[in-house]
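The chain contents come next:
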Amino acid sequence: MTVRVGVVGVGMIGQDHIRRLTRVLSGVDVVAVSDVDIGRARAVAGGLREAAVHATGEQLVADDRVDAVVVCSWGETHEQYVLAAIAAGKPVFCEKPLATTQEACRRILAAETAAGRRLVQVGYMRRYDPAYRALREVVQDGSLGLPLLMHCTHRNPSVPAHYRGESMINDTAVHEIDMVRWMFGEEIAAVSVLRPRPSRHSGDLPDPLVLLLETGSGILVDVEVSANIRYGYDIRGEVVGESGTATLAEPSTVQVRRGGTVIDRVPADWRERFVRAYDVELQEWVDAVGGDGQLGPSAWDGYAATAVSDAGLEALRTGARVPVALADRPAMYEK
Ligand code: NAP
């Protein structure tokens, strides 16, 4: 079976996902696109075999040729397209965040639970990265003893012009927020945010930041977020257990030693660092939609990540340690 996909929002990641859906993955075709910039949608469709161009995401969702929807528009618009897909009974892969407010995420949870089956997957791709998967296996096999701490680093060489202070948390650190919930299999209970003196490369951004995440069982996770580190896109993680530690492997494929130095490559950006994770993530989603496999991160995961990131934003504003209050988890999302 070929899953016929419509893509809403054909900016940077929308175009990258269309490339992998049409040239890398199997069992899938892109049959429709839409974007607020209709000229951009037409240009992207022009590079495809045969794809309809729709003026709105809602029209794309209603197109009978579209079996499933991929939402890659701005975060603020995710809710309306995800709700339209649920109402149409069509599976929807939504790039992170599921929605930008907890209330919007709860409306999505209500719609999906009313539909009675899972239709939504959220694009938290670290769960598909080989290095993160290997790290999680070590954490979960118990060989380190109980996990106590995790140190995380999330460094961007630069950020786009529309990036705001809040984006440090709800666009960037939200990846670690989801990863920590998945790594340790528990919810995050409280968030604090610390600020060193700002980088002179950062304009008005509170850059860098350190988040302290406390899980329900008391694991403490520190996350450095840097938005303008210049030298590359650098993602790191180390779990400290009672009797050992485990570190995320460096992603480079070759290390050169010469002239008294060690030279290793740092990825240029998230597309390079997580290329394999995005491929596996979308292939597994296509397979699940086609009836062969299970969906990944759920609307509950999207809601929980947004709730924690909201607490982080409050901690950034107030300087206080902010507890996270989650709604009751509907039975549909129990593991
Ligand atoms: P982008 O380049 O700005 O692309 C967003 C696209 O959506 C643009 O073409 C934009 O058009 C379009 N758009 C905006 N409002 C729309 C609407 N109402 N209906 C249809 N299309 C609309 O942004 P991006 O970097 O690709 O990010 C898109 C989403 O992917 C964001 O939610 C982001 O957080 C997520 N993302 C995830 C990852 C990841 O690692 N998983 C990485 C990057 C991005 P205009 O430019 O004309 O407004």
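No experiment lies behind these values; they were computed from the predicted model shown.

Colleague: For the site of the ligand, give the residues involved together with the corresponding values.
Modeller: The environment of the ligand is formed by 26 residues, the closest being I13, D35, R40, Y81 and Y278. Between V36 and the ligand, the recorded distance is 3.4 Å, taken from a backbone N or O atom to a nitrogen atom. Between the ligand and the protein, one listed contact pairs an oxygen atom with a side-chain N or O atom of W74 at 3.1 Å. When contributions to the shell around the ligand are tallied by element, the ones reaching two or more residues are α1 (12-23), α4 (78-87) and α7 (167-184). For the shell around the ligand, a count of residues per class yields twelve nonpolar, eight polar and six charged.

Colleague: Break down the environment of L282 for me, citing the residues and quoting the values.
Modeller: For L282, the position within the fold is in helix α9 (residues 275-289). As a C-alpha pair, L282 and D178 span 104 residues in sequence and 18 Å in three-dimensional space. Apart from residues no more than four positions distant in its own chain, L282 is found in contact with H17, R20, L21, L25 and F93.

Colleague: Describe helix α6 (residues 130-140), listing the residues and the values that go with them.
Modeller: For α6, the set of buried residues is A131, Y132, L135 and V139. Take α6 and look down its axis: the buried residues cluster within an arc of 95°, on one side only. In this structure, the buried residues of α6 make contact with β7 (147-155), α7, β11 (234-241), β12 (245-247) and α8 (270-273). G142, located one to two residues past α6, shows a positive phi value of around 85°.

Colleague: Go over a nonpolar patch on the surface, please, and point to the residues and values.
Modeller: Together, L146, L148, L149 and L220 give the surface a local cluster of nonpolar side chains, amounting to about 320 Å² of exposed area. For L148, the position within the fold is in strand β7.

Colleague: Residues and numbers for α4, please.
Modeller: Here α4 lies mainly inside the structure; seven of its ten residues are buried. Among the residues of α4, those classed as buried are H78, E79, Y81, V82, A84, A85 and I86. G89 lies just past α4 and shows a positive phi near 70°.

Colleague: Give a description of unusual backbone geometry that names residues and reports values.
Modeller: Geometrically, the link from K96 to P97 is a cis peptide bond, its omega value of -10° lying close to zero. Inspection of the secondary structure assignment puts P97 in the loop between β5 (92-95) and α5 (102-115). Geometrically, the link from D207 to P208 is a cis peptide bond, its omega value of 5° lying close to zero. Checked against the element boundaries, P208 lands in the loop between β8 (188-194) and β9 (209-215).

Colleague: Hey, could you go over the packing of aromatic side chains for me, with residue numbers and the actual values?
Modeller: In this structure the tally under the stated criterion is four aromatic pairs. Between W270 and Y278, the ring centres sit 6.3 Å apart and the planes meet at 75°, which makes this aromatic pair edge-to-face. Looking at W270, the relative accessible area reads 22%, which means it is partly exposed. Take Y278: its relative accessible area is 3%, and that puts it in the buried class. Over the face of the ring belonging to W270 we find R271, whose NZ or CZ atom lies 5.3 Å from the ring centre.

Colleague: Give a description of the pattern of salt bridges that names residues and reports values.
Modeller: According to the stated counting rule, one finds 24 salt bridges in the structure shown. One salt bridge connects R4 with D67, and the closest N-O pair in it is separated by 2.9 Å. With R4 in strand β1 (residues 3-8) and D67 in the loop between α3 (57-62) and β4 (68-71), this residue pair connects regions lying 63 residues apart in the sequence. Residue class for R4 comes out partly exposed when judged on its relative accessible area of 31%. For D67, a relative accessible area of 21% corresponds to the partly exposed category. The salt bridge involving R40 is made with D35; its shortest N-O contact spans 4.0 Å. Through salt bridges with shared partners, a single network forms among R127, D178, R181, E187, D301 and R329.

Colleague: Give me the sheet that holds β1: which residues, what numbers.
Modeller: Read from one edge to the other, the open sheet built from six strands follows the order β3-β2-β1-β4-β5-β6, with strand pairing classed as parallel. Since the sheet does not close on itself, it has two edges, and those belong to β3 (52-54) and β6 (120-123), each with one partner. Taken over all neighbouring pairs, the strand axes of this sheet differ in orientation by 25° on average, direction set aside. The sheet contact formed by β4 and β5 spans three bridges and is parallel. Bridge pairing in β5 links V71 to C94. Taken strand by strand, helix α2 (residues 38-46) contacts β2 (28-34) and β3, and its axis lies near 170° from that of β3.

Rules used throughout
Residues numbered from 1 in each chain as written. Predicted model: local features only at pLDDT ≥ 70, side-chain atom pairs only at ≥ 80, totals over all residues. Heavy atoms only, no water. Near = heavy atom within 4 Å. Polar contact = N/O pair within 3.5 Å; in protein donor to acceptor, adjacent residues only side chain to side chain. Helix = DSSP H or I, 4+ residues; strand = E, 2+ residues; numbered from the N terminus. Nonpolar A, V, L, I, M, F, W, Y, C, P; charged D, E, K, R; others polar. Contact = heavy atoms within 4.5 Å. Buried < 20%, exposed > 50% of the residue type's maximum accessible area, 1.4 Å probe, protein only. Arc of directions from axis to C-beta. Patch = residues over 30% accessible without salt bridge, like charges linked within 9 Å, V, L, I, M, F, W, Y side chains within 5 Å. Areas by Shrake-Rupley, 256 points an atom, 1.4 Å probe, with all protein chains shown as cover. Salt bridge = Lys/Arg side-chain N within 4 Å of Asp/Glu carboxyl O. Phe/Tyr/Trp six-rings, centres within 6.5 Å; stacked < 30°, edge-to-face > 60°. Lys NZ or Arg CZ within 6 Å of the ring centre and 35° of its normal. Pairing = 2+ DSSP bridges. Axes fitted to C-alpha atoms, helices over the stretch in contact; angles between N-to-C directions.

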